[in-house]
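Observations on chain architecture
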Amino acid sequence: MVRGSRGCGSVANLREVAALCRAVGIPVVLDIARFAETAWFVKQREDEFEDSAIDEIVLEMMACGDLVVASSKNDGLASIGGFCAFREDGDLYRRAQQRCLLTEGFITYGGLAGA
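Since the structure is predicted, the reported quantities are computational estimates derived from the model, not experimental observations. (Residues numbered from 1 in each chain as written. Predicted model: local features only at pLDDT ≥ 70, side-chain atom pairs only at ≥ 80, totals over all residues. Heavy atoms only, no water.)

**Digging into helix H3 (residues 54–62)**
Since there are 3.6 residues in each turn of an α-helix, residues three or four apart along the chain are aligned in direction. Threshold: Think of it in three bands: residues with accessible area under 20% of the maximum for their type are buried, residues over 50% are exposed, and the middle band is partly exposed, with areas taken using a 1.4 Å probe on protein chains only. What counts as a helix is a DSSP run of H or I of at least four residues, what counts as a strand is a run of E of at least two, and both are numbered from the N terminus. The directions considered for the arc are those from the helix axis to the C-beta atoms. Contact criterion: two residues are considered in contact whenever any of their non-hydrogen atoms come within 4.5 Å of each other.
If you check which residues of H3 are buried, you get Ile 57, Val 58 and Met 61. An end-on view of H3 places all buried positions within 100° of arc, on one side of the element. Pointing more than 90 degrees away from the buried face of H3 are the exposed residues Asp 55 and Leu 59. Buried residues along H3 sit in contact with helix H1 (10–23), strand S1 (29–31) and helix H2 (35–45).

As structure tokens, this is what we get:
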């Protein structure tokens, strides 16, 4: 397999996009579905991470986000559910909390199954 050596892999792109977004005040939201597979591909294809453990790569990817969202239906093998994780308890968190109350219920219990 030919490994990328130009320094323009997916983590490098993610870092660059995150820096641009933060420079203009746009929160970086990551949908982390299939994050483990993505980290494995990064390890296989990006020179910078050739000797890195998968968990180290995942931490590097997640550090680029202000908010991560995941569906339990993808990797959790559940029929419903998911989560949002915020970098800090700020305005973005409060806005999401208010929206959740209107569409899913209180944040202290999961979403509604609809079944």
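Let's pick the thread back up.
**Here's the deal with the nonpolar core**
Heads up, the rule is: Think of a nonpolar core as a cluster: buried Ala, Val, Leu, Ile, Met, Phe, Trp, Tyr and Cys residues, connected wherever their side-chain atoms sit within 4.5 Å.
By size, the foremost hydrophobic cluster in this structure holds eight residues: Ala 18, Cys 21, Val 28, Leu 30, Ile 32, Cys 64, Val 68 and Ala 70. The set of elements that each furnish at least two residues to this core consists of H1 and strand S2 (67–71). The residues touching Cys 64, leaving out its near neighbours within four places in the chain, are Leu 14, Arg 15, Ala 18, Arg 22, Val 28, Leu 30 and Arg 87.

**Thoughts on the packing of H2 against H3**
Here is the rule we go by: To obtain an axis, a line is fitted to C-alpha atoms, over the contacting stretch when the element is a helix, and the angle between two such axes runs from 0 to 180 degrees between their N-to-C directions. If an angle is under 35 degrees, it is roughly parallel; if it is over 145, roughly antiparallel; if it lies from 65 to 115, roughly perpendicular; otherwise it is oblique. Under this grouping Gly is polar, as are all residues other than the nonpolar Ala, Val, Leu, Ile, Met, Phe, Trp, Tyr, Cys and Pro and the charged Asp, Glu, Lys and Arg.
In the contact formed by H2 and H3, the axes pass within 9 Å of each other and the chain directions differ by 105°. In terms of axis orientation, H2 runs roughly perpendicular to H3. For the pair H2 and H3, the contacting residues are Phe 35, Thr 38, Ala 39, Trp 40, Val 42 and Lys 43 in the first and Ile 54, Ile 57, Val 58, Met 61 and Met 62 in the second. Classifying every residue of the contact of H2 with H3 by side-chain character gives nine nonpolar, one polar and one charged.

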